[in-house]
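Chain residues, written in single-letter form:
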Amino acid sequence: MTAAAVSLAAVACSDDGESAGNVTDLMTVAAYTDGLEFGWIAVSGATGYEVEYASASGAETLRTGEPRIALADLMPDTEYSVRVRSVGENGPGAWIGPVKVRTAAFSVSLTSYNVLATEAKSPWEGRVQAVHDLIRKADHDPDVLCLQECGTNPVLSDMQQLLADEYDVHVVAVSTADPALIFWKRDKFEKTGAGYTNMLLGDPNYTSADFPTSRYAHFVKLREKSSGKEFLVYDIHIKTNGTSTSYQKLRYDCISALCPAARQRASEEGGIPVFILGDFNNYWNTVDNGVISAPAACASFGFVDSPTIARECINLNYKTSSVDLNGFAEPRDNGNYRIDYVFGYSSQPFGVSKYQTVIDFVDKATHRIATPVPSDHHPVNAVFHLSYR
């Protein structure tokens with residue numbers, strides 16, 4: 001059994017002083033195909049910690065000076081038993097644990113992309129190849145692709161034709177819904193289910209005729225072929241019309257209905273992971289008349305905004321929408337000017353190895369982007385690692 005621990009600190013021991021107190025609240029922070037991350041509450045007086053982890057192939061003990069550890073070079077879809085104890089100047093505390101955790105079975109790269117249906121802003125014919133090229137960009141290349149504003153021809157037919165060599169596709173089933181497509185790589189995944197959720201159904205604040213284009217969230221259930229494991233992917237596009245309180249409430253109501261429904265469906269399918277991708281038309285920090293934003297609401301239901309836990313973030317500090325079609329990307333601080341999101345939820349530990357706002361800069365520039373500009377949105381992508389019982 002070979003493994004490595006990331007950012008380990010040496011622990012010195014002597015015969016003087018008292019034994020350290022015991023570790024509490026050992027928890028799994030993240031699971032990856034090749035690693036696991038754990039954390040616990042720091043023990044007062046501890047000079048370090050010992051971490052023992054074991055699988056069917058053997059056991060190892062490592063030391064760290066911090067109340068956390070990242071185990072690397074592990075095997076995918078493998079159960080590990082982990083326990084921890086503190087170390088003091090006069091010896092160790094008691095072992096706490098073990099906790100049993102599986103590394104992720106596989107990783108999946110998910111992208112949300114609003115490709116801009118409005119011909120008046122920029123004719124589709126002049127940018128269709130640029131849309132394709134950004135999707136197939138070397139450092140992007142998603143496994144699952146959720147598109148918005150693409151359900152009418154020629155956008156609908158062009159996107160299916162451009163991606164047909166590698167992707168299968170689900171076309172939305174509701175004629176009044178916002179045009180959307182969900183693609184997945186056919187060599188890695190297969191569709192085992194599909195449908196939609198009417199996010200305003202039964203809400204007394206809305207009639208059945210209100211917001212026919214944005215009230216539906218479309219989903220597919222996909223099976224990863226090599227492992228046989230499944231997950232759900234929802235694609236949404238919630239109405240914009242500025243920052244008026246009525247539309248802020250609409251976006252909040254949609255997400256507040258979708259999140260528990262999506263989690264319930266995932267539970268009924270055996271507790272599988274579930275993702276919500278799309279154009280939320282809401283900055284995270286927007287609060288209007290006491291109504292929080294749709295992404296903030298999504299997080300309140302336990303869904304994780306992918307960049308908040310990603311090991312690596314690329315181009316996070318750029319607006320994802322209102323892209324200058326003349327060829328400029330607009331930097332903004334702290335990732336607060338996103339309206340396009342990739343959220344994930346699972347009852348089992350998971351990790352995000354990379355998040356990126358996908359931008360085709362010119363000659364390593366930080367503002368100028370290649371023209372023709374594909375859309376007034378940048379794609380957003382996250383690579384999730386999923387573990388299962």
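A. Highlighting the packing of aromatic side chains. As enumerated under the stated definition, the model contains 21 aromatic pairs in all. Seen from their ring centres, Y283 and Y337 are 4.9 Å apart, and the 65 degrees between their planes marks the pair as edge-to-face. Here the residue Y283 occupies a position in the loop between β17 (274-279) and α4 (294-300), and Y337 occupies one in the loop between β19 (310-314) and β20 (340-345), the gap between them amounting to 54 residues. Residue Y283 is classed as partly exposed on the basis of its relative accessible area of 25%. Over the aromatic face of Y32 sits the side chain of R311, whose NZ or CZ is 3.4 Å from the ring centroid. When the ring centre of Y337 is taken as origin, the NZ or CZ atom of R332, which lies over that ring, is 4.3 Å away.

B. Representation of the confidence of the model for the chain in the model. Residues at a pLDDT of 70 or more form 93% of the chain, whose mean pLDDT is 91. Counting interchain partners and residues more than four positions distant, the pLDDT-below-50 stretch residues 1-16 has 49 contacts.

C. Highlighting the pattern of salt bridges. As enumerated under the stated definition, the model contains 22 salt bridges in all. Its salt-bridge partner being E330, residue R332 comes within 2.7 Å of it at the nearest N-O pair. Given a relative accessible area of 32%, E330 falls into the partly exposed group. By sharing partners, the salt bridges in this structure join R136, D141, D165, E166 and K185 into a single network.

D. Here's a closer look at the environment of G97. Tracing the backbone shows G97 in strand β9 (residues 96-102). Judged by its relative accessible area of 47%, G97 is partly exposed. Spatially, the C-alpha atom of G97 lies 31 Å from that of Q264, the residues being 167 residues apart in sequence. Those residues within four positions of G97 in sequence are excluded, and the remaining contacts are V82 and R83.

Rules used in this analysis
Residues numbered from 1 in each chain as written. Predicted model: local features only at pLDDT ≥ 70, side-chain atom pairs only at ≥ 80, totals over all residues. Heavy atoms only, no water. Phe/Tyr/Trp six-rings, centres within 6.5 Å; stacked < 30°, edge-to-face > 60°. Helix = DSSP H or I, 4+ residues; strand = E, 2+ residues; numbered from the N terminus. Buried < 20%, exposed > 50% of the residue type's maximum accessible area, 1.4 Å probe, protein only. Lys NZ or Arg CZ within 6 Å of the ring centre and 35° of its normal. pLDDT = per-residue confidence, 0-100. Contact = heavy atoms within 4.5 Å. Salt bridge = Lys/Arg side-chain N within 4 Å of Asp/Glu carboxyl O.

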